[in-house]
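Now for the letters of each chain:
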Amino acid sequence: AVNCHHVAIAVEAETAGIDRDQLRALLVAENVLARRYFHPGCHRTPPYGDGRPTAALPVTERALAQTLSLPTGTAVSPADAAAVGAIVRVGVAEAAAVRRRLEG
C-alpha cells in the first residue's frame, strides 16, 4: 500500500544549484503551499529544548535545512501534483536565474 500522508523532498543545494528556502520561495510565489518539514527540529522544541538544541545533532540539522514538504491530500489532484513537479524541475534547471531573481 502507498501512503501519501507526507510528500517531502530533500533539496541538496550543491547538486540542485538552489537551496531548500529558495525553492520554497519559488513555490510560494507560484501559489504552492510548501513548508519546511518538521521545523524546528524536535530537539529545539518543548519539552526537549527551549529554542536551543539540547545536543549537537549535525545530521539532523542538515536534514532539517534540506527537507521541504509539498502539498498532498485529497485536494491535490494528479494535475496539481504534476504542476508542482514541473515547478520544481524548472527551479532546478533555472537555478541561477531563480537565485538572481530572489536576491534582486
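Scroll up a little and you will see the structure.
Because the structure is a prediction, the values reported are computed rather than measured.

Enquirer: Quick question: what am I supposed to make of the pairing of strand β3 (residues 67-70) here?
Expert: Put simply, side chains in a regular strand alternate between the two faces of the sheet. Neither face of β3 is left uncovered, since the one carrying Thr-67 and Ser-69 and the one carrying Leu-68 and Leu-70 both have all their residues buried. For strand β1 (residues 7-10) and β3, the ladder comprises four bridges, and the chain directions are antiparallel. Bridged to Ala-8 within β3 is Ser-69. Two strands pair when backbone bridges link them, and strand β2 (residues 35-36) and β3 are joined in this way by two bridges, in the antiparallel orientation. Across the sheet, residue Arg-35 finds its bridge partner in β3, namely Ser-69.

Enquirer: What's the story with the sheet that holds β2 in this structure? I'm lost.
Expert: As a general point, the strands of a sheet are linked pairwise by backbone hydrogen bonds and lie either parallel or antiparallel. Taken together, the three strands give an open sheet; going across it, the order is β1-β3-β2, and neighbouring strands pair in antiparallel fashion. With one partner strand each, in any of the chains shown, β1 and β2 form the two edges of the open sheet. The strands touched by helix α2 (residues 20-29) are β1, β2 and β3; relative to β3, the strand with the most contacts, the crossing angle is about 20°. Relative to the sheet, helix α3 (residues 58-66) contacts β1 and β3, its axis offset from that of β3 by approximately 40°.

Enquirer: Would you mind going over the nonpolar core with me for this structure?
Expert: What tends to happen in soluble globular proteins is that the nonpolar side chains get buried as a cluster. Membership of the largest hydrophobic core comes to 15 residues, with the highest contact counts inside it found for Ile-18, Leu-23, Leu-27, Leu-68 and Leu-70. Contributing elements (two or more residues each) for this core: α2, β3, α4 (78-93) and α5 (95-103). Those residues in contact with Leu-68 that lie beyond four places of it in its chain are Val-7, Ala-8, Ile-9, Arg-20, Leu-23, Arg-24, Leu-27, Ala-34, Arg-35, Arg-36 and Tyr-37.

Enquirer: I would appreciate a short explanation of the packing of α2 against α4 in the present structure.
Expert: Angle between the axes and distance between the axes: these two values describe a pair of packed helices. Between α2 and α4, the least distance of the axes is 10 Å, while the angle of their chain directions is 130°. The orientation of α2 with respect to α4, classified from their angle, is oblique. Relative to α4, the crossing made by α2 is right-handed. When α2 is examined against α4, the residues Leu-23, Leu-26 and Leu-27 are found in contact with a partner set consisting of Val-84, Ile-87, Val-88 and Gly-91. Along the lines of polarity and charge, the residues of the contact of α2 with α4 split into six nonpolar, one polar and no charged.

The rules behind these values
- Residues numbered from 1 in each chain as written.
- Predicted model: local features only at pLDDT ≥ 70, side-chain atom pairs only at ≥ 80, totals over all residues.
- Heavy atoms only, no water.
- Buried < 20%, exposed > 50% of the residue type's maximum accessible area, 1.4 Å probe, protein only.
- Helix = DSSP H or I, 4+ residues; strand = E, 2+ residues; numbered from the N terminus.
- Pairing = 2+ DSSP bridges.
- Contact = heavy atoms within 4.5 Å.
- Axes fitted to C-alpha atoms, helices over the stretch in contact; angles between N-to-C directions.
- Core = buried A, V, L, I, M, F, W, Y, C linked by side-chain atoms within 4.5 Å.
- Parallel < 35°, antiparallel > 145°, perpendicular 65-115°, else oblique.
- Left-handed = near helix turned anticlockwise from the far one by under 90°.
- Nonpolar A, V, L, I, M, F, W, Y, C, P; charged D, E, K, R; others polar.

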